[in-house]
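Letter by letter, the chains look like this.
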Amino acid sequence: MKAGCLLATVLAEPARAGTLAPAEWTALITAARAEQLIGTLALRVDSGTLPRAVAEVLHDARDAATEQRRAALWEAEMMRRALSHLGVPLVLLKGTAFAAGGLAAGQGRHIGDLDLLVPRAALPRVEQALLAAGWEWAKPDAYDDAYYRRWMHELPPLLHRERDRMIDVHHTILPLTARTTPDADALIAGAVALGNGLHVLAPPDMVIHAALHLFADGDLAGGLRNLWDIDRLLREFSELDPDFWLKLHARAAEHGAGPYVARAARLAARLFATPGPAAWRRTHVSDALFERRLLARDGWGRETCRLTRLAFYIRSHWIRMPPLMLARHLLVKARRRVGPAPNE
Amino acid sequence: MSFRVGPVGFRVGSDFAALIATLRALYADYPGPEIAHFTVRLPATAPWRRFLRPSVAIEGDYMLPDAAPLPLAQGLLAAEMAMNLQVALGHRRHLLLHASCVERDGRAIIMTGESGAGKSTLATLLGARGWRFMGDEFVLVDPMTGDVYAFPRAISLKNEAIGVVQHAIPGGRFGPLLRNTPKGDIRHLMPTPDAIARMDEPARPALLLFPAFGASRDVREVGSVEAFVRLTQASTNYTALGERGFDALADLVERVPARAIDYPDGQTALAMVEALWEAA
């Protein structure tokens with residue numbers, strides 16, 4: 001079995017871990033690290049009867065995940081202290097939101113940058129307050145800066161000068177150039193307060209964001225982790241609320257995200273046996289291609305399926321912006337690549 | 001190929017069969033784990049770079065985005081750097097100190113300092129004088145017991161140290177001389193069979209040394225606060241371990257006396273270390 005496939009299988013059925021040969025363990029650990037799912041794997045697999053080296057690796061991974069979670073929640077609190085006086089809603093997104101909301105998707109999850117959503121009208125004030133509180137531009141470049149501000153769904157990334165942690169300040173959840181334009185005001189209006197001055201997206205919006213992030217933005221590199229998020233979110237929300245699938249369907253339509261959310265549910269069911277209504281199950285021919293891309297990882301941690309990856313890379317640019325704009329963007333980027341060497 | 005260095009198992013793969021063969025020969029005495037803790041990849045930087053100006057990329061479970069590749073002639077250094085990187089970024093069972101270490105009668109001397117301070121050379125020379133060599137890159141402190149564990153991979157000798165050690169240990173198992181690497185000339189020396197056979201034996205830290213090569217002979221007492229601050233800088237995972245790292249390090253500097261020693265040459269340093277050891 002290919003390592004990407006093995007990883008998905010063991011995540012979905014942790015009992016399979018008891019049957020693995022040493023070489024499979026090595027491949028599984030390596031693939032899980034490469035997909036940033038090692039912390040998740042460590043929490044899924046029971047630590048009772050594991051080979052010693054595996055138990056040691058997974059123990060370290062659990063430990064690292066705990067530490068990352070602590071650091072991420074602390075960073076969110078630092079952001080809250082810097083911004084609470086503005087009186088605007090502060091909505092956490094992705095990993096930090098899962099951890100802060102106590103969701104199953106947050107268990108063992110790798111958390112990198114802090115992702116924040118605020119109303120677009122508040123963006124200048126948020127930016128000023130963050131700069132005043134010790135955040136700095138991570139990559140100051142005139143073209144990138146202008147590009148972010150005009151076309152992206154977030155400010156250029158800011159880095160805290162003392163804690164060396166990155167924050168991405170979003171005003172919506174997809175680039176403005178993408179084919180789909182979710183309703184950012186509705187996302188913020190529907191957000192759920194956590195009681196500590198911070199918010200997270202409402203359950204359907206959280207799934208929609210995860211689905212758009214994976215299937216409507218980017219080339220699916222490292223996407224297995226995002227699909228695992230989707231599996232956990234769908235399971236948890238549909239267990240808590242019997243009408244969740246109906247609400248998700250209606251809300252996805254409002255954001256114009258129906259096909260992406262349906263794709264997310266189908267692939268989660270394919271790879272992780274996520275339960276869901278039969279109406280959501282009708283397979284598409286292209287699902288097999290997405291599955292191939294998501295599992296393109298070998299037992300040495302290398303990406304495989306070069307052509308499939310190339311196709312998804314091209315797709316990522318195609319769906320991100322209209323053709324003429326894409327041509328101009330690539331021209332600017334290419335010119336910069338062959339531009340004069342920096343002084344030494 | 002797979003081999004275990006102290007408590008860490010590595011799996012190393014490369015496009016270059018000759019590089020793997022060299023590693024296999026150097027690490028022949030090390031046990032081969034069934035399941036490695038870390039995977040190291042040393043591929044060609046591009047398909048044609050297997051043959052044309054062959055060039056080795058430094059990859060693995062943990063990577064640095066700006067790690068510069070090395071020419072194949074320096075492949076052993078690439079392997080060393082990739083292994084170090086896995087441990088530095090991925091290993092959390094122990095507090096890691098960037099230091100060399102030797103043991104006698106179950107008690108250890110930990111030596112740490114900037115690159116060029118002579119910590120590898122000192123540990124190697126002590127290893128040839130009745131001490132057990134425990135490592136020249138990382139010392140692993142067990143946060144539960146305070147004991148230190150060995151990480152005796154191939155000793156990485158640089159520049160003048162190569163001649164000094166070749167002269168002192170003429171029968172040593174040396175690797176090929178790597179000229180003009182980003183770190184100068186490098187030659188690897190394998191630890192003695194005894195150091196490898198006993199690599200799983202922990203030791204009690206008994207003396208902390210901060211050696212500095214070049215100045216005239218001098219010994220200074222280092223207070224526990226200064227030792228603590230110096231060791232936070234010498235640890236690659238102190239921050240990542242959180243409170244556990246703080247406790248382990250605070251315990252170490254309170255328990256173990258620390259000295260800074262300046263020395264003009266290897267013989268003087270050895271005499272100073274032996275004298276401090278007798279007094280400790």
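Just so we're clear, the structure is a prediction, and the values are computed from it rather than from any experiment.

(A) Fine view of the sheet that holds strand β16 (residues 204–213) of chain B. Residues and elements named next belong to chain B. As summarised here, the arrangement of the six strands in space is β10-β8-β9-β16-β18-β17, forming an open sheet in which the pairing is mixed. Two strands bound the open sheet, and with one partner strand each, they are β10 (132–135) and β17 (218–222). Within the sheet, the average angular offset between the axes of one strand and its neighbour, ignoring direction, is 25°. Here β16 pairs with strand β18 (residues 258–263) via six bridges, running parallel. Paired with A212 across the bridge in β18 is D262. The strands touched by helix α3 (residues 119–127) are β8 (100–104), β9 (107–111), β10 and β16; relative to β8, the strand with the most contacts, the crossing angle is about 20°.

(B) Here's a closer look at the domain arrangement of chain B. Residue and element names in this part refer to chain B. Splitting chain B by domain gives domain 1 (1–91) and domain 2 (93–280). Computed over C-alpha atoms, the centres of domain 1 and domain 2 are 23 Å apart. Contacts between the two partners involve 17 residues from domain 1, matched on the other side by 24 residues from domain 2. Ranked by residues supplied to the side of domain 1 that touches domain 2, first place goes to helix α2 (residues 75–90) with seven residues. Considering only residue class, the side of domain 1 that touches domain 2 consists of eleven nonpolar, four polar and two charged.

(C) Seen up close, the packing of helix α9 (residues 203–215) of chain A against helix α12 (residues 258–272) of chain A. Residue and element names in this part refer to chain A. The contact between α9 and α12 brings their axes to 9 Å, and the two run at 90°. Classed by the angle they form, the pair α9 and α12 counts as roughly perpendicular. Facing V207, I208, A210, A211, L212, L214 and F215 of α9, the residues of α12 in contact are Y260, V261, R263 and A264. Of the residues contributing to the contact of α9 with α12, the split by class is ten nonpolar, no polar and one charged.

(D) Fine view of the pairing of strand β14 (residues 174–181) of chain B. All names here are of chain B. As judged from the four bridges shared by β14 and strand β15 (residues 184–189), these two strands associate in the antiparallel manner. Bridge assignment links L177 to a residue of β15, and that residue is R187. Following β14, the chain reverses through two residues before pairing antiparallel with β15.

(E) Representation of the interface of chain A and chain B in the model. Counting residues at the interface gives 16 residues for chain A, matched by 16 residues for chain B. Put simply, the parts of the chain that give the side of chain A that touches chain B at least two residues each are α2 (22–34) and α4 (52–83) of chain A. Taken together, the residues of the side of chain A that touches chain B sort by class into eight nonpolar, three polar and five charged.

(F) Broad picture of the sheet that holds strand β4 (residues 158–160) of chain A. Ordered in space as β3-β4-β5-β2-β1-β7-β6 (chain A), the seven strands form an open sheet in which the pairing is mixed. Two strands close off the open sheet at either side, each with one partner strand: β3 (135–137) and β6 (192–193) of chain A.

(G) Summary view of the pairing of β16 of chain B. As paired strands, β9 of chain B and β16 of chain B are joined by five bridges and run parallel to one another. Within the sheet, the bridge partner assigned to R107 of chain B lies in β16 of chain B and is R204 of chain B.

(H) Summary view of the confidence of the model for chain B. Residues and elements named next belong to chain B. Counting all residues, the mean pLDDT for chain B is 93, and 100% of those residues have values of 70 or more. Helix α9 (residues 266–279) is the least confidently modelled element of chain B, averaging 89 in pLDDT, while strand β12 (residues 148–149) averages 98, the highest of any element. We note a pTM of 0.91 for the whole complex and an ipTM of 0.91 for its interfaces.

(I) Inspection of helix α10 (residues 223–240) of chain A at higher detail. Residue and element names in this part refer to chain A. For α10, spanning 18 residues, the distance from its first C-alpha to its last is 26 Å, which sits close to the expected 26 Å at 1.5 Å a residue. Buried residues of α10: G223, L224, L227, W228, D229, I230, D231, R232, L233, L234, F237 and S238, and no others. Of the surrounding secondary structure, the elements contacted by the buried residues of α10 are α1 (3–12), α3 (38–44), α9, α11 (244–254), α12 and α13 (287–294).

Scoring rules and cut-offs
- Residues numbered from 1 in each chain as written.
- Chains lettered and ligands numbered in written order.
- Predicted model: local features only at pLDDT ≥ 70, side-chain atom pairs only at ≥ 80, totals over all residues.
- Pairing = 2+ DSSP bridges.
- Helix = DSSP H or I, 4+ residues; strand = E, 2+ residues; numbered from the N terminus.
- Axes fitted to C-alpha atoms, helices over the stretch in contact; angles between N-to-C directions.
- Contact = placed C-beta atoms within 7 Å.
- Domains from an automatic or database assignment.
- Nonpolar A, V, L, I, M, F, W, Y, C, P; charged D, E, K, R; others polar.
- Parallel < 35°, antiparallel > 145°, perpendicular 65-115°, else oblique.
- pLDDT = per-residue confidence, 0-100.
- Expected span 1.5 Å × (residues − 1).
- Buried ≥ 20, exposed ≤ 12 C-beta atoms within 10 Å, placed from the backbone.

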